[in-house]
Amino acid sequence: MSTMNAKASSGGEEEALGMRSDTLGESVCSGEGKRRQMILVAYLIATLELTFLFMQMGVMPYLAKSLGLDLVGFGYLQTTFGVLQLVGGPIFGRFADQFGTRAALILSCASGSAFFLLMSISTSIPLLFLSRLPAVFMHGLPGAQKVITDLTTPSQRADALGKLGLCFGIGIIIGSALGGVLSTKFGIFVPTYIGLVGNLINTTIAMVWMPLQAKPKSDHRVTEHSTSQSGSVFSIREILRLMKFPGVMEVFIVKAFAGLPAGLFLIMFSIISMDFFGLEAVGSGYLMSYFGVLQMVVQGLVVGKLTNHCTEGTLLRLSVFVFAGVGLGMVPCSGFAPQCSP
């Protein structure tokens, strides 16, 4: 009798262990599926925001010219946009740390909606400058980077972040071409209306599909403990403290110096194509789309392959050298070299 009871109890334990393992396997699969879904949503939000951003960048010089703004004034306009992005970047990062990535993405998309709303009613130069103000919180790409960083392992991270370059390329291709076609065929303000509706849709996507907490619970406890005593979102002291973390200052300096020529190129490209090459908005958009194809191929395919053979530091140094080489190679095409020769 006791032997039968022992067999029955051992059989029950084995059955319970089997049920626990099945439940654990289902939860792991469910958690992995949710992570993939959140990463895909982050890619989608970044792609849409970049598409609308490049759509307005292509038509902005033509809109500014139609309002009577000269090249110097347009430079001030774009400088205002860049300064607001620079100032808002650390604040946006602090906001994401304290209130979560979902709230940060919603803030970015809502700011994009306000940006396009003000731009759509810009019938004067002061209103055009005023439309730049929401850019202080338009950081969809860094928000997507934070989601991917939180949800990937170190071995997966470089490849997953490299695919954001694919989103960047898609944004340039679709946004630049769409902005040129819409402004040429339907009017200069039509891309702003499309951008407004698109950013409202993007805000809804972030609210519905992005969970309240994207970061794993163990990491969330650490972050919550570290940010609970960190003060306000606008704390300059906390931002400076974060800059002292190992490797942060070096990456910040490289990104700042590498981003300056890239920003100048993106800002002034439409002006150069309009005044120097005499292109209309649609032609300028098609040319910018070509750059987007190159960007998409390199970031989405080449970088992903290189991450299997090179460290992140090596790739960072290689990208700086390649960027410098491309810049030097463009000097003879600009007509600047003959002016410098005796």
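Just so it is clear, the structure is predicted and the values come from calculations on it, not from any experiment. All residue numbers refer to position in the chain's written sequence, counted from 1. Restriction of local features to residues with pLDDT of at least 70 applies here, the model being predicted, together with a cutoff of 80 or more for giving and counting side-chain atom pairs; totals for whole chains, interfaces and linings are based on all residues. By convention in this description, side-chain values take in all heavy atoms of the structure and omit both hydrogens and water.

K.L.:
With reference to specific residues and values, describe the overall build of the protein.
P.N.:
Secondary structure counts use DSSP, requiring at least four H or I residues in a row for a helix and at least two E residues in a row for a strand, with both numbered from the N terminus. Summing up its helical and strand segments, the protein has 14 helices and zero strands in all. Each helix (α) and strand (β) of the protein, taken in turn from the N terminus, gives the series α-α-α-α-α-α-α-α-α-α-α-α-α-α. A 1.4 Å probe rolled over the protein chains alone gives each residue an accessible area, and that area as a share of the maximum for its type sets the label: buried under 20%, exposed over 50%, partly exposed in between. Burial status across the protein gives 37% buried among its 342 residues. Considering only contacts in the protein between residues 6 or more positions apart, those separated by 24 or more positions represent 81%. Carbon and sulfur atoms make up 71% of the accessible area of the protein, which totals about 19400 Å². Whether two residues are in contact is decided by their heavy atoms, any of which lying within 4.5 Å being enough. Using a 1.4 Å probe, accessible areas were evaluated by the Shrake-Rupley method; residue-level cover was limited to the displayed protein chains.

K.L.:
Can you break down the side chain of T152 residue by residue, with the values?
P.N.:
With respect to the helices and strands, the residue T152 is situated in the loop between α5 (140-151) and α6 (154-162). Counting of polar contacts relies on pairs of N or O atoms within 3.5 Å, with two restrictions inside protein: one atom must be capable of donating a hydrogen and the other of accepting it, and residues adjacent in sequence are counted only when both atoms are side-chain atoms. One polar contact links the side chain of T152 to the main-chain carbonyl oxygen of I148, over a distance of 2.6 Å. Excluding its chain neighbours within four sequence positions, the residues that come into contact with T152 are I39, R157 and A160.

K.L.:
Report on the packing of aromatic side chains, specifying residues and quantitative values.
P.N.:
Two aromatic rings, drawn from Phe, Tyr or Trp (for Trp, its six-membered ring), form a pair once their centres lie within 6.5 Å of each other, and the interplanar angle then sorts them: stacked below 30 degrees, edge-to-face above 60, tilted otherwise. Inspection of every chain in the model, using the stated rule, returns four aromatic pairs. Arranged with centres 5.3 Å apart and planes meeting at 90°, the rings of F54 and F168 form a pair that is edge-to-face. Here F168 lies in helix α7 (residues 164-186) and F54 lies in helix α1 (residues 2-66), a separation of 114 residues in the sequence. With centroids separated by 5.3 Å and ring planes inclined at 85°, the aromatic side chains of F115 and F116 adopt a geometry described as edge-to-face.

K.L.:
I'd like a rundown of the nonpolar core, residues and numbers included.
P.N.:
As used here, the term nonpolar core means buried Ala, Val, Leu, Ile, Met, Phe, Trp, Tyr and Cys residues forming a set that is joined through side-chain atoms within 4.5 Å. One finds F54, M60, F74, L77, F115 and L128 to be the most contacted residues of the largest nonpolar core, which totals 30 residues. Residue assignment for this core shows that the elements contributing at least two residues are α1, α2 (71-99), α3 (101-120), α7, α8 (190-209), α11 (248-275) and α12 (281-306). Here this core gets 10 residues from one element, more than from any other, and that element is α1. Contact partners of L77, with chain neighbours within four places excluded, come to M60, L69, L128, F129 and R132. Among the nonpolar cores identified, the runner-up in size contains 20 residues, and I45, I106, L164 and M210 belong to it.

K.L.:
I'd love a proper account of the pattern of salt bridges, names of residues and values included.
P.N.:
When a carboxyl oxygen of Asp or Glu lies within 4 Å of a side-chain nitrogen of Lys or Arg, that pair is called a salt bridge. One pass over the full model with this rule turns up two salt bridges. Here K146 ties to D150 by a salt bridge, and the two come within 3.2 Å at their closest N and O atoms. In this pair, K146 and D150 are both assigned in helix α5, four residues apart and thus about one turn of the helix distant. Exposure remark for K146: the relative accessible area of 18% places this residue in the buried category. Its relative accessible area of 14% is what places D150 among the buried residues. Taken together, the shared-partner salt bridges connect D97, K146 and D150 into one network.

K.L.:
Which residues make up the environment of F92, and what values do they have?
P.N.:
Looking at the element boundaries, F92 is found in helix α2. Separated by 15 residues in sequence, F92 and L107 place their C-alpha atoms 8.9 Å apart. Discounting chain neighbours no more than four positions away, the residues touching F92 are A104, S108, F137, H139 and G143.

K.L.:
Which residues make up the confidence of the model for the protein, and what are the values?
P.N.:
Any residue range with low pLDDT should be treated as having predicted coordinates unsuitable for detailed reading. Note: pLDDT gives the predictor's confidence per residue, expressed from 0 to 100. When pLDDT is averaged along the protein, the result is 77; 78% of the residues meet or exceed 70. Below a pLDDT of 50 lies the segment residues 336-342, which in the model reaches two contacts outside its immediate sequence neighbourhood of four places, other chains included.

K.L.:
Account for α7, naming residues and giving values.
P.N.:
The end-to-end C-alpha distance of α7 is 31 Å, a good match for the 33 Å that 23 residues give at a rise of 1.5 Å each. Backbone geometry just downstream of α7 places G187 in the positive-phi region, at approximately 125°. The span expected for a helix works out to 1.5 Å for each residue beyond the first.

K.L.:
Give me a nonpolar patch on the surface: which residues, what numbers.
P.N.:
For patches, a residue must show more than 30% relative accessible area and have no salt bridge; joins then use 9 Å for like charges and 5 Å for nonpolar side chains, namely Val, Leu, Ile, Met, Phe, Trp and Tyr. Nonpolar side chains collect at one region of the surface, where V293, V297, V298, L301 and V302 lie side by side and expose about 380 Å² of accessible area between them. Looking at the secondary structure, you find V298 in helix α12.

K.L.:
Mind laying out the environment of T149, listing which residues take part and the relevant values?
P.N.:
Note that T149 resides in helix α5. Under the relative-accessibility criterion, T149 is labelled partly exposed at 32%. Residues T149 and L161, spaced 12 residues apart in sequence, show a C-alpha to C-alpha distance of 7.8 Å. Look past the residues within four positions of T149 in its chain and what remains in contact with it is R157 and L161.

K.L.:
Can you break down α3 residue by residue, with the values?
P.N.:
The terminal C-alpha atoms of α3, which comprises 20 residues, lie 29 Å apart, in line with the 28 Å expected from a rise of 1.5 Å per residue. For α3, a buried count of 14 out of 20 residues is recorded, marking the element as mostly surrounded by other parts of the structure.

K.L.:
Which residues make up the packing of α2 against α3, and what are the values?
P.N.:
One way to put it is that α2 packs onto α3 with a least axis distance of 8 Å and a crossing angle of 150°. The angle between the axes of α2 and α3 places the two elements in the roughly antiparallel class. Packed against α2, whose contacting residues are F81, F92, F95, A96 and F99, the element α3 presents T101, A103, A104, L107, S108 and F115 at the interface. The nonpolar class holds Ala, Val, Leu, Ile, Met, Phe, Trp, Tyr, Cys and Pro. Asp, Glu, Lys and Arg form the charged class, and all remaining residues, Gly among them, are polar. Residues belonging to the contact of α2 with α3 are distributed by class as follows: nine nonpolar, two polar and no charged. Throughout, an axis means a line fitted to C-alpha atoms (over the contacting stretch in the case of helices), and angles, computed between N-to-C directions, take values from 0 to 180 degrees. Should an angle fall under 35 degrees it is taken as roughly parallel, and over 145 as roughly antiparallel, whereas 65 to 115 is taken as roughly perpendicular and any remaining angle as oblique.

K.L.:
Describe the packing of α3 against α5, listing the residues and the values that go with them.
P.N.:
Packing of α3 against α5 leaves a shortest axis separation of 9 Å and a crossing angle of 160°. One element, α3, and the other, α5, form an angle in the roughly antiparallel class. Along this stretch, α3 crosses α5, giving a crossing that reads as left-handed. Note on element contacts: α5 touches α3 through G140, G143, A144, K146, V147 and D150, opposite T101, L105 and S108. Residue classes in the contact of α3 with α5 are distributed as three nonpolar, four polar and two charged. By definition, turning the near helix anticlockwise from the far helix through less than a right angle yields a left-handed crossing, and turning it clockwise yields a right-handed one.

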